[in-house]
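Analysis of the macromolecular model
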Amino acid sequence: MSDNTGSNEPMESGDAVRKEQSPKRKVGTPAQGGRLLATDESEPAPQGAGAKLDEAAAKRAERVVAALFLLAALASVGFIAAYVWSGTQGPDGMHGIDDARASNYALGACMTVAMLAMAVGVTIWVRRLMTSKQIVQQRGELPSGEATRAEFEAAFMEGAEDSGITKRPLLRRTLLLAAAPLGLAPLVLLRDLGPLPEKRLRHTFWGEAVKQAKAQGKQGVRLVVDGTNRPLRVSDFATPGSMITVVPEGIDKSPHAMNEIAKAVTILINVPAEKFKPVKGRENWHVNGIVAYSKICTHVGCPAALYEQTTHHILCPCHQSTFDATDGAKVIFGPAARPLPQLPLSVDNEGYLIATGDFPEPVGPSFWERG
Ligand code: FES
């Protein structure tokens, strides 16, 4: 029995049935028109594996492909260099928004060039250095029969032979050269697993700011509105149900202001005094129902910034953890495992809201409870 691919090999009966029943898909490579680097568009591609190539044109194509692979190798090395360079910004190993943006551009540009050069190189290789032939592929059910597998193996070996990967060492070596740093690039990203944060996540700028304020004879550090840095009087925040985001005064002067704000950001809520239930031992941490909690969700750190005035619930939009503002920000719904840390509040001689200490436990996800 012979099939329509021209093969005269006997077929296994399962394969034969599948071939009878299944539709056929034709895969041609490459198309006859529009060949890359073609010098004469009317010239047909050499037909069939092993057909004679125009050696002069093939040599030219080979050099172009090799140049593209070299470009890909350089771009991949550039990716690694850009990553290392960006990681050295700042004494604490972190970098600001501008550095992060520049680093992202450099990484993206290098990876784009590397991928593009590889893709164009491989395309030219296939279209200019391999012969054109039509392949008829049978669609069948898995698993393939012995004959199909043998057919695939033969086609694969024929393709490998046709690609010239064994007889064109320049292409083989430049391809390997391009692939090696591209394969290494994801490995260098493992560097982002370090350095360890040590004690940096256990305290926020509130603690340092309160210490400095007390050293100057003050009772604590003022709360300022995030964005405008305006200090808040109790009378400015007298409407029950209000909520606003605050940070410690002076945080914008910190050398790592963005990082410090990310940890110290706090929500200030005016809970109606009759509803407010102070946590035992924290009876004096609020001012007439004005209470402050960390804005960083204790689940995985999203900003818990939605406040429902009627129920006094603080909602994290990421996974719907819900905290009760009237009851020490206890978790009443969702995946968060512990309440939002509370900031001890008071009021200074001039009527401004102040913090008298840092959050009593680390803010954000509970990494520290796991040792
Ligand atoms: S981060 Fe808030 S619920 Fe997941």
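Presented here is an overview of the structure given in this document. (Residues numbered from 1 in each chain as written. Predicted model: local features only at pLDDT ≥ 70, side-chain atom pairs only at ≥ 80, totals over all residues.)

1. Examining the sheet that holds strand S7 (residues 306-308)
In space, the four strands of this open sheet follow the order S7-S8-S9-S10, with antiparallel pairing throughout. The sheet is open, and its two edges are formed by S7 and strand S10 (330-333), each paired on a single side. Neighbour-to-neighbour, the strand axes of the sheet open up by a mean angle of 35°, direction not taken into account. As judged from the three bridges shared by strand S8 (residues 313-315) and strand S9 (residues 322-324), these two strands associate in the antiparallel manner. Bridge pairing links histidine 313 to aspartate 324 in S9. (Pairing = 2+ DSSP bridges. Helix = DSSP H or I, 4+ residues; strand = E, 2+ residues; numbered from the N terminus. Axes fitted to C-alpha atoms, helices over the stretch in contact; angles between N-to-C directions.)

2. Focus: helix H5 (residues 169-188)
With 20 residues, H5 extends 29 Å from end C-alpha to end C-alpha; this agrees with the ideal 28 Å at 1.5 Å per step. For H5, the set of buried residues is Leu171, Thr174, Leu175 and Ala178. For H5, the arc enclosing every buried residue in end-on projection is 105°, short of the 170-degree limit, so these residues lie on one face. Away from its buried face, by an angle of more than 90 degrees, H5 presents the exposed residues Pro169, Arg173, Leu176, Ala180, Gly183 and Leu187. (Expected span 1.5 Å × (residues − 1). Buried ≥ 20, exposed ≤ 12 C-beta atoms within 10 Å, placed from the backbone. Arc of directions from axis to C-beta.)

3. Thoughts on the sheet that holds strand S4 (residues 243-248)
Read across the sheet, seven strands follow the order S11-S6-S5-S4-S3-S13-S12 without closing on themselves; strand pairing throughout is antiparallel. Edge positions in the open sheet fall to strand S11 (342-343) and strand S12 (345-347), since each of these has one partner strand only. In this structure, S12 lies alongside strand S13 (residues 353-355), joined through three bridges in antiparallel fashion. By the bridge assignment, serine 346 is partnered in S13 with isoleucine 354. Set on the sheet, helix H6 (residues 205-215) makes contact with strand S3 (221-225), S4, S11 and S13; between it and S3 the angle comes to about 130°. (Contact = placed C-beta atoms within 7 Å.)

4. Digging into helix H4 (residues 146-163)
For H4, with 18 residues, the first-to-last C-alpha span of 25 Å sits near the 26 Å given by 1.5 Å per residue. Directly beyond the C-terminal end of H4, a positive phi value near 75° is found at glycine 164.

5. Notes on the pairing of S4
On any regular strand, side chains alternate: one points to one face of the sheet, the next to the other face. Two strands pair when backbone bridges link them, and S3 and S4 are joined in this way by three bridges, in the antiparallel orientation. In the sheet register, leucine 223 faces S4, and the bridge partner there is proline 248. Where S4 meets strand S5 (residues 266-270), four bridges bridge the pair, whose relative direction is antiparallel. Bridge assignment links methionine 243 to a residue of S5, and that residue is isoleucine 269.

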